[in-house]
Amino acid sequence: MTLPELHASLWDHLRLGASPTRSPFTIWQLATCGLDGAPQLRSIVLREADQAAGTLVFHTDRRSPKLAELAADSRVAMLGLDLDRHLQLRLNGRAQPVPDSARVQRMWSGARPHTLILYQTPHAPGTVIARPQDGQVQSQPDTDGFENFTLVEVVLEAIDYLDLSPGRHRRARFRRDAGAWQGQWIAP
Ligand SMILES: Cc1cc2nc3c(=O)[nH]c(=O)nc-3n(C[C@H](O)[C@H](O)[C@H](O)COP(=O)(O)O)c2cc1C
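Residues numbered from 1 in each chain as written. Predicted model: local features only at pLDDT ≥ 70, side-chain atom pairs only at ≥ 80, totals over all residues. Heavy atoms only, no water.

Colleague: Can you help me understand the overall build of the chain in this one?
Modeller: From N to C terminus, the chain includes four helices and eight strands. Beginning at the N terminus, the succession of helices and strands in the chain can be written as α-β-β-β-α-β-β-α-α-β-β-β. For 188 residues, the compact-globule estimate of 2.2 N^0.38 gives 16 Å, and the C-alpha radius of gyration of the chain, at 18 Å, lies within 12% of that figure. In terms of its C-alpha atoms, the chain occupies a principal-axis envelope of roughly 55 × 35 × 35 Å. Considering the chain as a whole, with its 188 residues, one finds that 41% of them fall into the buried category. Considering only contacts within the chain whose residues lie at least 6 apart along the sequence, 62% involve residues at least 24 apart. Carbon and sulfur atoms make up 54% of the accessible area of the chain, which amounts to about 10500 Å² in all. Separation between the mean location of the 21 positive side-chain charges and that of the 20 negative ones in the chain comes to 3 Å. (Helix = DSSP H or I, 4+ residues; strand = E, 2+ residues; numbered from the N terminus. Rg over C-alpha atoms; globule rule 2.2 N^0.38 Å. Buried < 20%, exposed > 50% of the residue type's maximum accessible area, 1.4 Å probe, protein only. Contact = heavy atoms within 4.5 Å. Areas by Shrake-Rupley, 256 points an atom, 1.4 Å probe, with all protein chains shown as cover. Lys, Arg positive; Asp, Glu negative; His and termini not counted. Charge placed at Lys NZ, Arg CZ, Asp CG, Glu CD.)

If you want it as structure tokens, here you go:
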């Protein structure tokens, strides 16, 4: 496989991950720089992958601590893993909330209702509560949750592809240079 073919195939993985079909690249680990400088890591669901723009999108709660971290330092790292294919994808980029409210509204309207229930919770993620039940959505919530919902877009700058299939170890790094992706093989 050539580097351009590999690049195209990894975007196939990203698009499938962002589609409603569950795949190994549906869930990603997203790292930010914490406000105290320590790394912070959490799972997110990939919602969009746009190869032409080189961007990924996920949903989040406007009240979540990761947004304050991104406002202070937009650099992120992401990790996805397909254990059956022995394939790891490591991404670097810059992440910011999507400012286009019409785009946020479209994503909200198109989302499956069960994915949006979390946004109706009365407390910001990470708030100390007396009992676990206090963090759950009330049966008659005051809000549909839209005011807590936002999208975060990651503009990718680097992609590290590692295939550790038996007998076929391959690793490549792609970097975005003036808009165009440049790839090179690197040692696994
Ligand atoms: C399976 C799974 C999927 C998740 N998907 C998302 C997601 O798409 N967006 C999100 O903000 N948090 C998601 N979370 C919750 C985060 O991992 C995290 O706990 C939460 O966003 C608070 O993170 P923060 O304190 O770093 O802001 C998910 C958690 C799990 C277990």
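Colleague: In this structure, what is going on with the site of the ligand? I would like to understand it.
Modeller: Lining the immediate surroundings of the ligand are I27, R42, S43, I44, V45, H59, T60, S64, P65 and K66. A distance of 3.0 Å is found between an oxygen atom of the ligand and a backbone nitrogen or oxygen belonging to V45. T60 has a polar side-chain atom sitting 2.6 Å from an oxygen atom of the ligand. Of all the cavities here, the one that holds the ligand is the largest pocket. Elements supplying a minimum of two residues to the shell around the ligand: β2 (39-50), β3 (55-61) and α2 (65-72). At four residues, the largest contribution of residues to the shell around the ligand is made by β2. (Near = heavy atom within 4 Å. Polar contact = N/O pair within 3.5 Å; in protein donor to acceptor, adjacent residues only side chain to side chain. 1 Å grid on protein atoms, 1.4 Å probe; cavity = no way out; pocket = protein on both sides within 12 Å on 5 of 7 lines; lining within 4 Å. Sits in = over half its atoms within 2 Å of the grid points.)

Colleague: Explain the nonpolar core to me, please; I cannot follow it from the model alone.
Modeller: Soluble globular proteins: nonpolar side chains tend toward being buried together. Membership of the largest hydrophobic core comes to 30 residues, with the highest contact counts inside it found for L14, W28 and L56. Here the element with the most residues in this core is helix α1 (residues 3-18); it accounts for six residues. If sequence neighbours within four positions are ignored, W28 has contacts with L14, R42, S43, I44, L46, M78, L79, G80, L89 and L91. Ranked by size, the runner-up nonpolar core spans ten residues in total, among them V57, V98, M107 and L151. (Core = buried A, V, L, I, M, F, W, Y, C linked by side-chain atoms within 4.5 Å.)

Colleague: What should I look at first to understand a nonpolar patch on the surface in this one?
Modeller: Together, L79, L81 and L83 give the surface a local cluster of nonpolar side chains, amounting to about 280 Å² of exposed area. Locating L81 in the fold gives a position in strand β4 (residues 75-82). Residue L81 is classed as partly exposed on the basis of its relative accessible area, which comes to 43%. (Patch = residues over 30% accessible without salt bridge, like charges linked within 9 Å, V, L, I, M, F, W, Y side chains within 5 Å. Salt bridge = Lys/Arg side-chain N within 4 Å of Asp/Glu carboxyl O.)

Colleague: What exactly am I supposed to notice about the pattern of salt bridges here?
Modeller: Close approach of charged atoms allows side chains of opposite charge to pair. On inspection of all chains with the given rule, the structure shows twelve salt bridges. Close ionic contact of E48 with R103 constitutes a salt bridge, the shortest N to O distance being 3.2 Å. Here the residue E48 occupies a position in strand β2, and R103 occupies one in helix α3 (residues 101-110), the gap between them amounting to 55 residues. Judged by its relative accessible area of 30%, E48 is partly exposed. Judged by relative accessible area, which is 22%, R103 ranks as partly exposed. With a closest N to O distance of 2.7 Å, D82 and R85 form a salt bridge. Note on D82: relative accessible area 3%, which makes it buried.

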